[in-house]
Amino acid sequence: MSKETNAWNKVVAAALKLPGITVDRQKFLKEELKKYYPEQQVQAAIERGTVGVIPEPILDRIAADCIKSHTKKVTLFSTAMGMPGGWAALGTVPTDIAQFYYHVLVLGQKLAYVYGFPTLLDDKGRLSQSAVNMLTIFVGVMTGVGVAVKALQELGEILKKQLIKKLPEYALTNGVLYPAVRRIGKYIGLKITKGSLSKGFTKAMPLLGGAISGILTYKTFKPQAKRLGACLKRTMLLPQHSSAHTPTIEIGYEELPPDLPPELPKDE
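As the structure is a computational prediction, the values presented were derived from the model and not from experiment. (Residues numbered from 1 in each chain as written. Predicted model: local features only at pLDDT ≥ 70, side-chain atom pairs only at ≥ 80, totals over all residues. Heavy atoms only, no water.)

A word on the packing of helix H6 (residues 129-142) against helix H7 (residues 146-161). For any two helices packed against each other, the geometry comes down to the angle between their axes and how far apart the axes lie. At a minimum axis separation of 8 Å, H6 and H7 run at an interaxial angle of 135 degrees. Taken together, the axes of H6 and H7 are oblique relative to one another. Where H6 crosses over H7, the handedness of that crossing is left-handed. Seen from H6, the contacting residues are Met 134, Ile 137, Phe 138, Gly 140 and Val 141; seen from H7, they are Ala 148, Val 149, Ala 151, Leu 152 and Leu 155. (Axes fitted to C-alpha atoms, helices over the stretch in contact; angles between N-to-C directions. Helix = DSSP H or I, 4+ residues; strand = E, 2+ residues; numbered from the N terminus. Parallel < 35°, antiparallel > 145°, perpendicular 65-115°, else oblique. Left-handed = near helix turned anticlockwise from the far one by under 90°. Contact = heavy atoms within 4.5 Å.)

Below, the structure is given as structure tokens:
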């Protein structure tokens, strides 16, 4: 295993230890959809998936609210961590990095459920290895890795063939998607290790460091989250079934730069 892949695995392991990392699909969708629809339609969306049951503008509204909420939380935390008296780093993975990817992984689960993915939790309510691998693909999409976008499209095709009932366990852990997962994990690990230098620089400047850290986090997290939302929406090929009486909620998907495949580190 390369040092870059090991770095990503350590970050994931640290994030998975934080409380609230798992998102229960049924509870999440029920909580969000009951704001707009009666129980019967909410239950239909839970059982059959949101695509074709819930109008697209409502799905976009929920996605936008989730992105806004997690962007605010992770930005506030990052600002506090960059200021004097902020929380100290815990273990081998700095707390701010673990928290950043905690919000990335939680938001990834929520956006997946919004746009029609099945539950990512196993029978014990935990994220399985296949779910973690899928979330790694999501993180790759967020950071603009071209191979991740392609892997997400392939994942969507597999899910449609399985009628969106469960995750394709084998494909994500041993099959066609696993090589892509390994390459994406290696690239993310490389980004994390390189990014550690800039974080150290902001913390070296007391009060200004906190502000810079928060600004950098905001400008990184929000567009990445929008990119993932856009790709998940395209992957699940939402039909044009929006009601004429339902206003479209603009979350700026069309303003995102195109997904350009960066140069990935070769597998060792």
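Having seen the model, we can carry on.
What helix H2 (residues 25-33) keeps buried is the set Arg 25, Phe 28, Leu 29, Glu 32 and Leu 33. The arc that holds the buried residues of H2, viewed along the axis, is 110 degrees, so those residues lie on one side. The opening residue of H2 is Asp 24, an N-cap whose side-chain oxygen sits 3.1 Å from the backbone nitrogen of Gln 26. (Buried < 20%, exposed > 50% of the residue type's maximum accessible area, 1.4 Å probe, protein only. Arc of directions from axis to C-beta. Polar contact = N/O pair within 3.5 Å; in protein donor to acceptor, adjacent residues only side chain to side chain.)

This part is about the packing of aromatic side chains. Per the stated rule, a full pass over the model turns up six aromatic pairs. With a centroid separation of 5.7 Å and 85 degrees between ring planes, the pair formed by Phe 100 and Phe 221 is classed as edge-to-face. Of this pair, Phe 100 sits in helix H5 (residues 95-114) while Phe 221 sits in helix H10 (residues 206-235), and the two are 121 residues apart along the sequence. A relative accessible area of 0% places Phe 221 in the buried class. Measuring from centroid to centroid gives 5.9 Å for Phe 117 and Phe 138, while their planes differ by 85 degrees, and the two rings are edge-to-face. A residue pair is termed long-range when its members are at least 10 positions apart, and Phe 117 in the loop between H5 and H6 and Phe 138 in helix H6 qualify at 21 residues. (Phe/Tyr/Trp six-rings, centres within 6.5 Å; stacked < 30°, edge-to-face > 60°.)

In this section: the nonpolar core. Considering soluble globular proteins, one finds that nonpolar side chains tend to be buried as a cluster. With 74 residues, the main nonpolar core has Tyr 101, Phe 117, Phe 138 and Leu 152 as its most contacted residues. If one sorts the elements of this core by residue count, H5 sits on top with twelve residues. What Leu 152 contacts, discounting residues up to four positions off in sequence, is Phe 117, Ile 137, Phe 138, Val 141, Cys 231, Leu 232 and Thr 235. (Core = buried A, V, L, I, M, F, W, Y, C linked by side-chain atoms within 4.5 Å.)

When the charged atoms of two side chains with opposite charge come close together, those side chains can pair. Summed over all chains, the structure comprises five salt bridges. Asp 60 is the salt-bridge partner of Lys 233, the closest N and O atoms lying 2.8 Å from each other. Remark: Asp 60 occurs in helix H4 (residues 56-81) and Lys 233 occurs in helix H10; sequence separation between them is 173 residues. Given the relative accessible area of 15%, Lys 233 is considered buried. Asp 122 is the partner of Arg 126 in a salt bridge, and the nearest nitrogen-oxygen pair spans 3.9 Å. (Salt bridge = Lys/Arg side-chain N within 4 Å of Asp/Glu carboxyl O.)

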